[in-house]
Structures are given as structure tokens and as C-alpha cells.
Amino acid sequence: MASNVQTSLNDAKFTIPDMEPQSTLEIETKEFDYSKRSQWLRAAVLGANDGLVSTASLMMGVGAVKEDIKVMILTGFAGLVAGACSMAIGEYVSVYSQLDIEVAQMKRGRQRGIEGGEIEVEEEGEKESLPNPLQAAAASALAFSVGAMVPLLAASFIREYKVRVGVVVGAVSLALMVFGWLGAVLGKAPAFRSVVRVLVGGLLAMAITYGLTKLIGSSGL
């Protein structure tokens, strides 16, 4: 009787730890999913920041030599369309290359002699985790367009040149601070440093574009 009790106690000792790796695996899976979502959102914020800075710099550069509002708006619109298309095509090519690599890796895994039942389960999980080039391209173009709309909307309804430039700089500065803060939150970085870095970088890009264009325009080239 005592041996039976001892045997049951031993069995209980061996069955209890089996639940720990399962719970740990669930926690790791949740953390991994959160990490993937954070990276996706952070990439969207960076794309919007690119659209904001590049379009605003183009508008400021052309505005340095042409004070006409129509020219400034057309320049910003052209920058929005060209930048969104460039971002979408670049993201599509990049993600499609990644997709080709992962599909090739899946094929090599099947050729290693994995059993048939396990192959089906693994294939379903791997297909769900494969990147989508079209989705990535659309998201990249959309993020760039959202950022580029800020200086366009800021300059659209102001005829006075100096007031228009001031409003564009103010709107872009505010948007840069918001994007810097979002990037810091998603990347778990210090918010103040991120805001200052993004703000100074964006204003520097606009100032350099404005100064060089003004210099070349005034030289008569």
C-alpha cells in the first residue's frame, strides 16, 4: 500500500511541470505578436514622417524662388504622388524578395523528410506568417500620403506668401513632434529625445532645401 502511494506521488511530481512550458510558450507568443504589431505601426509612423518632411522641403524649396501659391501647391502634390508611388514600389519589391526567400526556405524544409501530418500543420502556420507585398505597399503609400497632406493643407488657403510659409513651418513642426512622440512610444524610447531629434531633423531638411534653392535661384542658373 505504501509503495502504491509513493508511486502515485512520483507520478504527480512528473506531471505537474509539464504545464509550465505551455504557459511560458503562450506568454512568449503574445509578446511576439505585440512586437510584430509595434514594428508595423512604427514603420507606418516613419513613412508618414518621410512624406511630411520630403513634401514640406519641396514646397519650401520651390517657394524660395516662386511665391505663387499655385506653383507651391502643385509642387507639393507632385511630391506626394511621386513619393507615395516610390514608397509603394520600393516596399513591394523589398517585401516580395523577403517572400521569395521564406517560400524557398519552406520548400527546403519539406525536402528534409518531415512527416506528412506535421507538414500540413506547419504549412498552415507558415502561410499565415508570410508577408503580403501588396498590403505592405498599400500601407507604405498611405502612410506617406498622410504625412504629405499636412503641408499641402496648411498652404492651400493662404494667399499671403510670408504668412503661408509661416503656417507651413508651424504645421509641419507640430506634426513632427507628434510623429516623434508616437515613434518613441512604439519603440519604447525616451519621448523628449525622440521629439527633439525628429523636430530638428525635419526643420534642418527644410532649411537646407530652402537655402540651397534660394542660392541657386538668385545666381541666375
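Along each chain, residue indices are assigned from 1 in the same order as the chain's sequence is written. Selection of residues for local features in this predicted model requires a pLDDT of at least 70, selection of side-chain atom pairs for listing and counting requires 80 or more, and totals for whole chains, interfaces and linings are taken over all residues. Only heavy atoms go into the side-chain values, all of them from the structure, while hydrogens and water stay out.

1. Concerning the overall build of the protein
Move 1: When helices and strands are counted, the protein shows seven helices and zero strands.
Move 2: When the helices and strands of the protein are placed in sequence order, the string is α-α-α-α-α-α-α.
Move 3: Any two residues whose heavy atoms approach within 4.5 Å at even a single point are treated as in contact. Contacts spanning at least 24 positions in sequence make up 77% of the contacts within the protein whose residues lie at least 6 apart.
Move 4: Working definition of accessibility: Shrake-Rupley area with a 1.4 Å probe, residue cover restricted to the visible protein chains. Working note: accessible area of the protein is about 14400 Å², and carbon and sulfur atoms make up 65% of it. A run of DSSP states H or I qualifies as a helix once it reaches four residues; a run of E qualifies as a strand once it reaches two. Both are numbered from the N-terminal end.

2. So, the nonpolar core
Move 1: We define the nonpolar core as a collection of buried residues of types Ala, Val, Leu, Ile, Met, Phe, Trp, Tyr and Cys that are connected through side-chain atoms lying within 4.5 Å of one another. Partly exposed residues are those whose accessible area sits between 20% and 50% of the maximum for their type, while under 20% is buried and over 50% is exposed, using a 1.4 Å probe and protein chains only. Among the nonpolar cores identified, the biggest contains 28 residues, and L52, V168, V172, L176 and F179 are the most heavily contacted of them.
Move 2: Only α2 (19-63), α3 (69-110), α5 (133-155), α6 (161-187) and α7 (191-218) provide two or more residues apiece to this core.
Move 3: In contact with L176, not counting residues within four places along its chain, are N49, L52, V53, V198, L199, G202 and L203.

3. Digging into the side chain of S57
Move 1: Here S57 shows up in helix α2.
Move 2: The buried category is assigned to S57, whose relative accessible area is 7%.
Move 3: Setting aside residues up to four positions removed in sequence, S57 forms contacts with A205, M206 and T209.

4. Here we look at a nonpolar patch on the surface
Move 1: Among the surface-exposed residues, I89, Y92, V93, Y96 and L134 lie close enough to one another that they form a single nonpolar patch of about 490 Å² accessible area.
Move 2: With four residues, the top contributor of residues to the nonpolar patch is α3.
Move 3: Mapped onto the fold, Y92 is located in helix α3.
Move 4: You can call Y92 partly exposed: its relative accessible area is 31%. In this scheme, patches are assembled from residues that exceed 30% relative accessible area and form no salt bridge. Like charges are connected within 9 Å, while nonpolar side chains (Val, Leu, Ile, Met, Phe, Trp, Tyr) are connected within 5 Å. For salt bridges, the criterion is a side-chain nitrogen of Lys or Arg within 4 Å of an Asp or Glu carboxyl oxygen.

5. Some remarks on the packing of α6 against α7
Move 1: Where α6 contacts α7, the two axes come as close as 8 Å, and the packing angle between them is 145°. Here α6 runs over α7; the crossing is right-handed. Mapping the contact onto sequence places Y161, V169, V172, S173, L176, M177, G180, W181 and A184 in α6 and A191, S194, V195, V198, L199, G202, L203, M206 and Y210 in α7.
Move 2: The class makeup of the residues in the contact of α6 with α7 is 14 nonpolar, four polar and no charged. Only C-alpha atoms enter the line fits that serve as axes; for helices the fit covers just the stretch in contact. Angles between N-to-C directions range over 0 to 180 degrees. Rotating anticlockwise by less than a right angle from the far helix to the near helix defines a left-handed crossing, while the corresponding clockwise rotation defines a right-handed one. When residues are grouped by polarity, Ala, Val, Leu, Ile, Met, Phe, Trp, Tyr, Cys and Pro land in nonpolar, Asp, Glu, Lys and Arg in charged, and all others, Gly among them, in polar.

6. Considering the side chain of S140
Move 1: Relative to the helices and strands, S140 resides in helix α5.
Move 2: Since its relative accessible area comes to 10%, S140 is described here as buried.

7. Quick notes on the packing of aromatic side chains
When we look at a pair of aromatic rings, we describe it by the centre distance and by the angle of the planes.
Move 1: Aromatic rings from Phe, Tyr and Trp, taking only the six-membered ring of Trp, are treated as a pair when their centres fall within 6.5 Å; an angle between ring planes under 30 degrees marks them as stacked, one over 60 as edge-to-face, and anything in between as tilted. As enumerated under the stated definition, the model contains one aromatic pair in all.
Move 2: Ring geometry for Y92 against Y96: centres 5.4 Å apart, planes inclined by 50°, an arrangement best described as tilted. Placement of both Y92 and Y96 in helix α3 is noted, with a separation of four residues, approximately one turn of the helix.

8. Describing the confidence of the model for the protein
Move 1: Averaged over the protein, the pLDDT score is 79; the fraction of residues at 70 or greater is 73%.
Move 2: Along the chain, pLDDT gives the predictor's confidence residue by residue, from 0 to 100. The low-confidence segment residues 5-9 (pLDDT under 50) makes zero contacts with residues lying over four places distant or belonging to another chain.
Move 3: Here residues 12-35 is modelled with pLDDT under 50, and outside its nearest four sequence neighbours on either side it reaches one contact, counting other chains as well.

9. A word on the environment of M59
Move 1: Mapped onto the elements, M59 comes out in helix α2.
Move 2: Here the alpha-carbon distance between M59 and P151, two residues 92 residues apart in the chain, equals 8.1 Å.
Move 3: Here M59 is in contact with M72, I73, T75, G76, P151, L152 and A155, once residues within four sequence places are set aside.

10. Things to note about α5
Move 1: Under the convention used throughout, the expected extent of a helix is 1.5 Å for every residue step, that is, one less than its residue count. Helix length check: α5 (23 residues) gives 34 Å between terminal C-alpha atoms against 33 Å at 1.5 Å per residue, within 8%.
Move 2: The bend reported for a residue corresponds to the angle between axes fitted to the seven residues ending at that residue and the seven starting there. Along α5, the sharpest change in direction is near 30° and occurs at M149; proline P151 comes one to four residues later.
Move 3: Capping of α5 at its N-terminal end is provided by N132; its side-chain oxygen lies 3.1 Å from the backbone amide nitrogen of L134. We define a polar contact as two N or O atoms separated by no more than 3.5 Å, with the added condition that, inside protein, one atom must be a possible hydrogen donor and the other a possible acceptor, whereas residues neighbouring each other in sequence contribute only through side-chain atom pairs.

11. Some remarks on the environment of S140
Move 1: For the pair S140 and G47, spaced 93 residues apart in the sequence, the C-alpha separation amounts to 6.2 Å.
Move 2: For S140, the contacting residues outside a window of four places in its chain are M87, A88 and E91.

12. Brief notes about the packing of α5 against α6
Move 1: At a minimum axis separation of 8 Å, α5 and α6 run at an interaxial angle of 150°. The pairing of α5 with α6 is recorded here as roughly antiparallel in orientation. Relative to α6, α5 is oriented so that their crossing is right-handed. Here V150, P151, A154 and A155 of α5 lie close against α6, whose contacting residues are R164, V167, V168, A171, V172 and A175.
Move 2: Among the residues forming the contact of α5 with α6, the class breakdown is nine nonpolar, no polar and one charged. Any angle between 65 and 115 degrees counts as roughly perpendicular, while under 35 counts as roughly parallel, over 145 as roughly antiparallel, and the rest as oblique.

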